[in-house]
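Listed below, chain by chain, are the residues.
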Amino acid sequence: MSIEKTLSIIKPDATSRNLTGQINSIIEKSGLKIIAQKRIKLTKDIASRFYEVHKNRPFFQDLVSFMISGPVVVQVLQGDDAIALYRQVMGATNPEEAEAGTIRKQFALSIEANSVHGSDSTDNANKEISFFFAETELYES
Ligand code: IDP
Ligand code: MG
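These remarks concern the structure in this document. Keep in mind the model is a prediction, meaning the values are calculated, not measured.

Here's the deal with the overall build of the chain
Moving on, step 1. What the chain contains, in helices and strands, is 7 helices and 4 strands.
Moving on, step 2. Taking 14 Å as the expected radius of gyration for a compact globule of 141 residues, we find that the chain reaches 14 Å, a close match to that expectation.
Moving on, step 3. With the principal axes as the frame, the chain shows a C-alpha extent of 40 × 35 × 25 Å.
Moving on, step 4. Counting every atom, the chain has about 7,700 Å² of accessible surface; 48% of that belongs to carbon and sulfur.
Moving on, step 5. Side-chain charges in the chain split into 16 positive and 18 negative, and the spacing between the mean points of these groups amounts to 5 Å.

Focus on the site of ligand 1
Moving on, step 1. All residues adjacent to ligand 1 are Lys11, Tyr51, His54, Phe59, Leu63, Arg87, Thr93, Arg104, Ile111, Glu112 and Asn114.
Moving on, step 2. Between ligand 1 and the protein, one listed contact pairs an oxygen atom with a backbone N or O atom of Glu112 at 2.8 Å.
Moving on, step 3. Here an oxygen atom of ligand 1 sits 2.9 Å away from a polar atom, N or O, in the side chain of Asn114.
Moving on, step 4. Considering ligand 1 on its own, with 530 Å² of exposed area, one finds that the protein chains cover 80% of that surface.
Moving on, step 5. Of the pockets mapped on this structure, ligand 1 occupies the largest pocket.
Moving on, step 6. Considered class by class, the residues forming the shell around ligand 1 number 4 nonpolar, 3 polar and 4 charged.

Description of the environment of Leu77
Moving on, step 1. Following the sequence through the fold, Leu77 ends up in strand β3 (residues 72-80).
Moving on, step 2. Residue classification places Leu77 among the buried positions, given a relative accessible area of 0%.
Moving on, step 3. The sequence separation of Leu77 and Ile129 amounts to 52 residues, and the corresponding C-alpha distance is 9.8 Å.
Moving on, step 4. Here Leu77 is in contact with Glu4, Lys5, Thr6, Ser8, Ile27, Leu32, Lys33, Ile34, Ala82 and Tyr86, once residues within four sequence places are set aside.

Here we look at the layout of surface pockets
Moving on, step 1. The computed volume of the largest pocket comes to approximately 700 Å³.
Moving on, step 2. Lining the largest pocket are 23 residues, and of these Tyr51, Val53, His54, Leu63 and His117 lie nearest its centre.
Moving on, step 3. Among the secondary structure elements, those contributing two or more residues to the lining of the largest pocket are α3 (44-50), β4 (116-118) and α7 (122-132).
Moving on, step 4. The greatest single-element share of the lining of the largest pocket, amounting to 4 residues, is contributed by α7.
Moving on, step 5. Here the residues of the lining of the largest pocket sort into 7 nonpolar, 6 polar and 10 charged.

What counts and how
- Residues numbered from 1 in each chain as written.
- Chains lettered and ligands numbered in written order.
- Predicted model: local features only at pLDDT ≥ 70, side-chain atom pairs only at ≥ 80, totals over all residues.
- Heavy atoms only, no water.
- Helix = DSSP H or I, 4+ residues; strand = E, 2+ residues; numbered from the N terminus.
- Rg over C-alpha atoms; globule rule 2.2 N^0.38 Å.
- Areas by Shrake-Rupley, 256 points an atom, 1.4 Å probe, with all protein chains shown as cover.
- Lys, Arg positive; Asp, Glu negative; His and termini not counted.
- Charge placed at Lys NZ, Arg CZ, Asp CG, Glu CD.
- Near = heavy atom within 4 Å.
- Polar contact = N/O pair within 3.5 Å; in protein donor to acceptor, adjacent residues only side chain to side chain.
- 1 Å grid on protein atoms, 1.4 Å probe; cavity = no way out; pocket = protein on both sides within 12 Å on 5 of 7 lines; lining within 4 Å.
- Sits in = over half its atoms within 2 Å of the grid points.
- Nonpolar A, V, L, I, M, F, W, Y, C, P; charged D, E, K, R; others polar.
- Buried < 20%, exposed > 50% of the residue type's maximum accessible area, 1.4 Å probe, protein only.
- Contact = heavy atoms within 4.5 Å.
- Points joined across faces, edges and corners; volume = space filled by probe spheres on them.

Scope: geometric values only; no functional claims are made or implied.
This is the structure in structure tokens:
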């Protein structure tokens, strides 16, 4: 096991239903520590750059529109095996396939409006964290 950091986003479907605290509680109960967090407004340009890897997928334009439809909470989570652990805590992309107790099983509305994002690899975690956060915003204790 190694201490890792991962990027989480609480998506507009969840912020609009006032679920930030409940999602943070699930995150903290899993042992992950929220070491940085801010509620922000994504623009079309920022959301498109963040999801660039999906730009040729049929759902790309809809996904970008969804991500700018309300505030998002971007956060950095730290802990043992944080990247894989948070993927487990989130559950499968499609909430119908997500396991009981996961964030997506409890809160997601659809495969698109699925409440949270989590990085899927060390490389992507590093890229995604620096996409949203400056070094001075990360106090790693
Ligand atoms: P992930 O968030 O579980 O890593 P990805 O495949 O990376 O899933 O997809 C990024 C996001 O795009 C998903 O979280 C979801 O919001 C959206 N998405 C993925 N697949 C579909 C789809 O088939 N239809 C609509 N939206 C999708
Ligand atoms: Mg992904």
